[in-house]
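Residue-level structural notes
What follows is each chain in one-letter form.
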Amino acid sequence: MRQERELPVKKFDEAASKKADGSEEKVRVLGIMGYPVGHSLSPAMHNAALRHLGLKGVYLPFEVLPGYLEEAVAGIRALGLWGVNVTIPYKEKVLDYLDWLTPQAELIGAVNCIACREGRLEGHNTDGEGFLRSLREEGGFDPEGKEVLVLGAGGAARAIALVLGQSRAQKIVVANRTREKAEELAAQVRRRTAADAAGIGLGSQELASAAFQADLIVQTTPVGMYPHEEPPDWFKPEWFKADTLVYDIIYRPRPTAFLRQAAARGCRTLDGLGMLVFQGALAFSWWTGLDAPAEVMREAALRELGS
Ligand code: ATR
């Protein structure tokens, strides 16, 4: 994180400029910073939420060119933005330019939303919590005491494995193409949470037995994502057993070939739309202090996906 330094503190709450008659005229600006951001569903979701709640605001895509992240983040403070999401490829790099992290962002080591409060740039992460809310509300699944197999060991897998550990999952097996990354993430889960964790490679006998043991399988790699919609060739459909909940964080297409294979074996399945909606709803609430209309956000995302 950046060194503490003297900041010209602008009173953003007061800065909401009042008209002569005392009414408020400031349009609040939210947005998403990433590269690229053209296909993001977040503008549709958040603009629908703003409209639904009658808030005077707009959520915009901000494409931040490589090498300009620091300037873009400084712009949040300089321009008095209400908040921004951060997406690929900046979720980790952005930590260098923030003044404070929430415990969730600290735990995950990545930030997917920023707010500027009294001149202080605060970073938060709602990816893991969004996943957990989807798992609980849509899957009726409580991770406590459960065994989980996480496929992939990238940023999304880290958020998911750590919150599952924090939610008292009993054991988390991380399987990844690059085995060392799986082992690193497993070590981090053991260090930061009470869960037991192990890292394995793909296509191994170990993967088959981890799948047989699992109450929950979470697919976090990009394999199967539009336009390359083939299922992973390193996971055999016969490894699914019927009482396992199978979650694929991909939401394009819905469902993925991986989920179709799981459903054909009798598994309950969930796709990534719920995680997307709830990470957005949690960010919206964190910025605004209001209850986010998650169903309105889901409908907006679905409309956008369909178009
Ligand atoms: P995200 O932020 O979406 O998690 P990421 O951090 O780039 O993205 O991580 C992508 C994950 O998908 C990694 O675990 C990657 O495996 P490696 O660590 O070996 O690179 C995994 N992945 C990507 N393409 C894959 C493929 N074709 N087969 C298996 N795993 C793949």
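Predicted model, so just to flag it, every value in this text is computed and none were measured.

The next subject is the overall build of the protein. Scanning the protein from N- to C-terminus turns up eleven helices and twelve strands. For the protein, whose C-alpha radius of gyration is 20 Å, the value lies close to the compact-globule estimate of 19 Å for 307 residues. The principal-axis extent of the C-alpha atoms belonging to the protein is close to 70 × 40 × 35 Å. Classification of the 307 residues of the protein by burial places 53% in the buried group. Contacts in the protein between residues at least 24 apart in sequence constitute 70% of all its contacts with a sequence separation of at least 6. A total accessible area of about 14300 Å² is found for the protein, and carbon and sulfur atoms account for 50% of it. Each charge class in the protein was averaged separately, 36 positive and 40 negative side chains, and the resulting centres sit 1 Å apart.

With that settled, consider the layout of surface pockets. If you add up the space inside the largest pocket, you get close to 1600 Å³. Every residue lining the largest pocket is counted, 50 residues in all, and those nearest its centre are Thr87, Ile88, Ala156, Met225 and Ile249. Of all the secondary structure elements, the ones that give two or more residues to the lining of the largest pocket are strand E3 (83-86), helix H6 (155-166) and helix H10 (273-288). In terms of residue count, H6 provides more of the lining of the largest pocket than any other element does, four residues in total. For the lining of the largest pocket, the class distribution of residues is 26 nonpolar, 17 polar and seven charged. Counting contributing residues per domain, the lining of the largest pocket is built from domain 1 (14-125 + 276-306) and domain 2 (129-271), each supplying no fewer than three.

It is worth spelling out the sheet that holds strand E11 (residues 245-248) at this point. The parallel open sheet is built from six strands, whose spatial order is E9-E8-E7-E10-E11-E12. Only two strands of the sheet have a single partner each, and these edge strands are strand E9 (196-200) and strand E12 (268-270). Strand-to-strand twist of the sheet, defined as the mean angle between neighbouring strand axes without regard to direction, takes the value 15°. Here strand E8 (residues 171-175) runs beside E9; their pairing, made up of five bridges, is parallel. Residue pairing in the sheet places Lys171 in a bridge with Asp196 of E9. Relative to E9, helix H7 (residues 179-192) is tilted by about 175°, and along the sheet it contacts E8 and E9.

The immediate surroundings of the ligand are formed by 14 residues, with Ala153, Asn176, Arg177, Thr178 and Lys181 found nearest. Interatomic distance of 2.9 Å between a side-chain N/O atom of Arg177 and an oxygen atom of the ligand. Measuring from an oxygen atom of the ligand, one finds a side-chain N or O atom of Lys181 at 2.8 Å. Within the complex, the protein chains bury 68% of what would otherwise be the 650 Å² of accessible surface of the ligand. The cavity where the ligand resides is the largest pocket. The class makeup of the residues in the shell around the ligand is six nonpolar, six polar and two charged.

Turning our attention to the side chain of Asn47. Mapped onto the elements of the fold, Asn47 is located in helix H2 (residues 42-52). Within the structure, Asn47 has its side chain in polar contact with the backbone nitrogen of Tyr59 (distance 2.8 Å). Leaving out residues up to four positions away in the same chain, Asn47 has contacts with Val58 and Tyr59.

Taken in spatial order, the six strands of this open sheet run E2-E1-E3-E5-E6-E4, and their pairing is mixed. The sheet terminates laterally at strand E2 (57-63) and strand E4 (100-101), the two strands that pair on one side only. Two elements, E4 and strand E6 (residues 120-124), share two bridges in a ladder whose sense is parallel. The residue of E6 that forms the bridge with Trp100 is Glu122. Relative to E2, H2 is tilted by about 165°, and along the sheet it contacts strand E1 (28-34), E2 and E3. Taken strand by strand, helix H3 (residues 69-79) contacts E1, E3, strand E5 (113-117) and E6, and its axis lies near 120° from that of E6.

The rules behind each value
- Residues numbered from 1 in each chain as written.
- Predicted model: local features only at pLDDT ≥ 70, side-chain atom pairs only at ≥ 80, totals over all residues.
- Heavy atoms only, no water.
- Helix = DSSP H or I, 4+ residues; strand = E, 2+ residues; numbered from the N terminus.
- Rg over C-alpha atoms; globule rule 2.2 N^0.38 Å.
- Buried < 20%, exposed > 50% of the residue type's maximum accessible area, 1.4 Å probe, protein only.
- Contact = heavy atoms within 4.5 Å.
- Areas by Shrake-Rupley, 256 points an atom, 1.4 Å probe, with all protein chains shown as cover.
- Lys, Arg positive; Asp, Glu negative; His and termini not counted.
- Charge placed at Lys NZ, Arg CZ, Asp CG, Glu CD.
- 1 Å grid on protein atoms, 1.4 Å probe; cavity = no way out; pocket = protein on both sides within 12 Å on 5 of 7 lines; lining within 4 Å.
- Points joined across faces, edges and corners; volume = space filled by probe spheres on them.
- Nonpolar A, V, L, I, M, F, W, Y, C, P; charged D, E, K, R; others polar.
- Domains from an automatic or database assignment.
- Pairing = 2+ DSSP bridges.
- Axes fitted to C-alpha atoms, helices over the stretch in contact; angles between N-to-C directions.
- Near = heavy atom within 4 Å.
- Polar contact = N/O pair within 3.5 Å; in protein donor to acceptor, adjacent residues only side chain to side chain.
- Sits in = over half its atoms within 2 Å of the grid points.

Interpretation in functional terms is not warranted from these geometric data alone.
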